[in-house]
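# A structural walkthrough
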Amino acid sequence: MKKLILFILFPFLIIPFGTKANENFSVEIEALTLVMEQYKEETESSVELDIEDIKPSYMALKQDECNATVEVTEKTGLEVVNTESFDVNVCLKEIYKVIN
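The structure displayed is predicted, hence computed values, not measured ones.

Turning next to unusual backbone geometry. You will see that Lys93, though not glycine, has its phi angle at about 55 degrees, which is positive. Along the chain, Lys93 falls in the loop between strand S3 (79-89) and strand S4 (94-98).

To continue, consider the pairing of strand S2 (residues 67-76). Looking at chain direction, strand S1 (residues 55-62) and S2 are connected through eight bridges and run antiparallel. Directly across from Lys55, in S2, lies its bridge partner Lys75. Hairpin geometry of S1 and S2 is characterised by an intervening segment of four residues between the two adjacent antiparallel strands. Two strands pair when backbone bridges link them, and S2 and S3 are joined in this way by ten bridges, in the antiparallel orientation. Within S3, the position partnered with Thr69 by the bridge is Asp87.

Quick look at the side chain of Glu84 now. Assignment of secondary structure puts Glu84 in strand S3. Judged by relative accessible area, Glu84 falls into the buried class, the value being 15%. A distance of 3.2 Å separates the side chain of Glu84 from the side chain of Lys97, its partner in a polar contact. Look past the residues within four positions of Glu84 in its chain and what remains in contact with it is Tyr39, Val70, Glu71, Val72 and Lys97.

Attention now moves to the side chain of Asn89. Checked against the element boundaries, Asn89 lands in strand S3. Apart from the residues lying within four places of it in its own chain, the contact partners of Asn89 are Cys66, Asn67 and Glu94.

What follows covers the sheet that holds S2. Strand order in the open sheet formed by four strands is S1-S2-S3-S4, with antiparallel pairing between adjacent strands. Taken across any chain shown, the strands that pair with only one partner, and hence form the sheet edges, are S1 and S4. The mean angle between the axes of side-by-side strands here comes to 25 degrees, regardless of whether they run parallel or antiparallel. With five bridges connecting them, S3 and S4 associate as antiparallel partners. Among the inter-strand pairings, Phe86 is bridged to a residue of S4, identified as Lys97.

Here is what the cut-offs are and how they apply
Residues numbered from 1 in each chain as written. Predicted model: local features only at pLDDT ≥ 70, side-chain atom pairs only at ≥ 80, totals over all residues. Heavy atoms only, no water. Helix = DSSP H or I, 4+ residues; strand = E, 2+ residues; numbered from the N terminus. Pairing = 2+ DSSP bridges. Buried < 20%, exposed > 50% of the residue type's maximum accessible area, 1.4 Å probe, protein only. Polar contact = N/O pair within 3.5 Å; in protein donor to acceptor, adjacent residues only side chain to side chain. Contact = heavy atoms within 4.5 Å. Axes fitted to C-alpha atoms, helices over the stretch in contact; angles between N-to-C directions.

Right, here's the structure in full:
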């Protein structure tokens, strides 16, 4: 019986209770929200009649405490239509488009 109780409680002794995801990923989250706001404004201003089902997906990679790279991929189903990259400075709230 003691082994069963120890087996159940052991993982809770190893896992830290005070982990906070927002502190670990705050740069990525802020970079994504900045790019999403700008990208939403750009797509609303440009009217495309041919393709209506374009759905963007976003991915952020942290570079340091202030900078991140955000990649926006537009897809229609399984087909990738467009890919754009942005360098985002979260501290200054600046977005730079990367030209490939």
